[in-house]
Amino acid sequence: MRDVVIAGINRDEVAALVVLDLDGCRLINPGLPFDDLAATASDPLIRGAFRERFAKLLAMSTGSSTRITRAILMDTPMSIDRGEVTDKGSINQRAVLEHRSQLIDHLYSPTPAADVITL
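Residues numbered from 1 in each chain as written. Predicted model: local features only at pLDDT ≥ 70, side-chain atom pairs only at ≥ 80, totals over all residues. Heavy atoms only, no water.

**Focus: helix H3 (residues 44-60)**
Phase 1: A rise of 1.5 Å per residue sets the reference length of H3, with its 17 residues, at 24 Å; its end C-alpha atoms lie 25 Å apart and thus fit the reference within 8%.
Phase 2: If you check which residues of H3 are buried, you get Ile46, Arg47, Ala49, Phe50, Phe54 and Leu58.
Phase 3: Each element contacted by the buried residues of H3 is listed here: strand E2 (14-19), helix H1 (22-28), helix H2 (37-42), strand E3 (68-73) and strand E4 (116-118).
Phase 4: Between the side-chain oxygen of the N-cap and the backbone nitrogen of Leu45 there are 3.0 Å, and the N-cap of H3 in question is Asp43. (Helix = DSSP H or I, 4+ residues; strand = E, 2+ residues; numbered from the N terminus. Expected span 1.5 Å × (residues − 1). Buried < 20%, exposed > 50% of the residue type's maximum accessible area, 1.4 Å probe, protein only. Contact = heavy atoms within 4.5 Å. Polar contact = N/O pair within 3.5 Å; in protein donor to acceptor, adjacent residues only side chain to side chain.)

Structural data, given as structure tokens:
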């Protein structure tokens, strides 16, 4: 994982949009393509590794504000043109949440889809 955008404003749960580090993911599965974010985000080994890490994080949380219960591995890069990333590489959380509102709704669906990691 390279970065995480936390979602949860006006929601009952805290969730995360995970920005993958493709080089790091290839340490888990060396057979992954070098530049295919969608393939990496859907890879069973990567998804399993993140589920395991999120479960450990959840076990250490001390309250509802620190309990990430849902996550999605982003399969498209953040956009500098939409202001999601600054020129210096920092993430603009507000822009990500605004421009990816459909992804946030998908993340919080009462019946999560297969691409949503739930804990």
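**Some remarks on the environment of Ser61**
Phase 1: Mapping Ser61 onto the fold places it in the loop between H3 and E3.
Phase 2: For Ser61, a relative accessible area of 18% puts it in the buried group.
Phase 3: For Ser61 and Val14, which are 47 residues apart along the polypeptide, the C-alpha to C-alpha distance reads 12 Å.
Phase 4: Residues within four places of Ser61 in sequence aside, it is in contact with Thr66 and Arg67.
Phase 5: From its side chain, Ser61 meets the backbone oxygen of Leu58 in a polar contact 2.8 Å long.

**Some words on the pairing of strand E1 (residues 3-7)**
Phase 1: Relative to E2, E1 runs antiparallel, the two sharing 5 bridges. In the sheet register, Val4 faces E2, and the bridge partner there is Val18.
Phase 2: Adjacent in sequence and paired antiparallel, E1 and E2 are bridged by 6 residues, among which Gly8 carries a positive phi angle near 150°. (Pairing = 2+ DSSP bridges.)

**Side note on the layout of surface pockets**
Phase 1: The volume enclosed by the largest pocket comes to roughly 150 Å³.
Phase 2: Lining the largest pocket are Ala38, Ala41, Ser42, Arg47, Ile72, Leu73, Met74, Asp75, Thr76, Arg100, Leu103 and Asp115.
Phase 3: Secondary-structure elements contributing two or more residues to the lining of the largest pocket are H2 and E3.
Phase 4: Sorting elements by how many residues they give to the lining of the largest pocket places H2 first, with 3 residues.
Phase 5: Class assignment for the residues of the lining of the largest pocket results in 6 nonpolar, 2 polar and 4 charged. (1 Å grid on protein atoms, 1.4 Å probe; cavity = no way out; pocket = protein on both sides within 12 Å on 5 of 7 lines; lining within 4 Å. Points joined across faces, edges and corners; volume = space filled by probe spheres on them. Nonpolar A, V, L, I, M, F, W, Y, C, P; charged D, E, K, R; others polar.)

**Brief notes about a nonpolar patch on the surface**
Phase 1: A cluster of nonpolar side chains, contributed by Met1, Val4 and Ile6, occupies part of the molecular surface with about 230 Å² of accessible area.
Phase 2: When you line up the elements, Ile6 lands in strand E1. (Patch = residues over 30% accessible without salt bridge, like charges linked within 9 Å, V, L, I, M, F, W, Y side chains within 5 Å. Areas by Shrake-Rupley, 256 points an atom, 1.4 Å probe, with all protein chains shown as cover. Salt bridge = Lys/Arg side-chain N within 4 Å of Asp/Glu carboxyl O.)

**Observations concerning the packing of aromatic side chains**
Phase 1: Under the counting rule described, the total for this entry stands at 1 aromatic pair.
Phase 2: Ring geometry for Phe50 and Phe54: centres 6.5 Å apart, planes at 35°, overall tilted. Of this pair, Phe50 and Phe54 are both found in helix H3, 4 residues apart, which corresponds to roughly one turn of the helix. Like Phe54, Phe50 is buried. (Phe/Tyr/Trp six-rings, centres within 6.5 Å; stacked < 30°, edge-to-face > 60°.)

**Considerations on the side chain of Thr69**
Phase 1: By secondary structure assignment, the location of Thr69 is in strand E3.
Phase 2: Under the relative-accessibility criterion, Thr69 is labelled buried at 10%.
Phase 3: Once residues lying within four places of it in the same chain are set aside, the contact partners of Thr69 are Glu13, Val14, Leu58, Ile117, Thr118 and Leu119.

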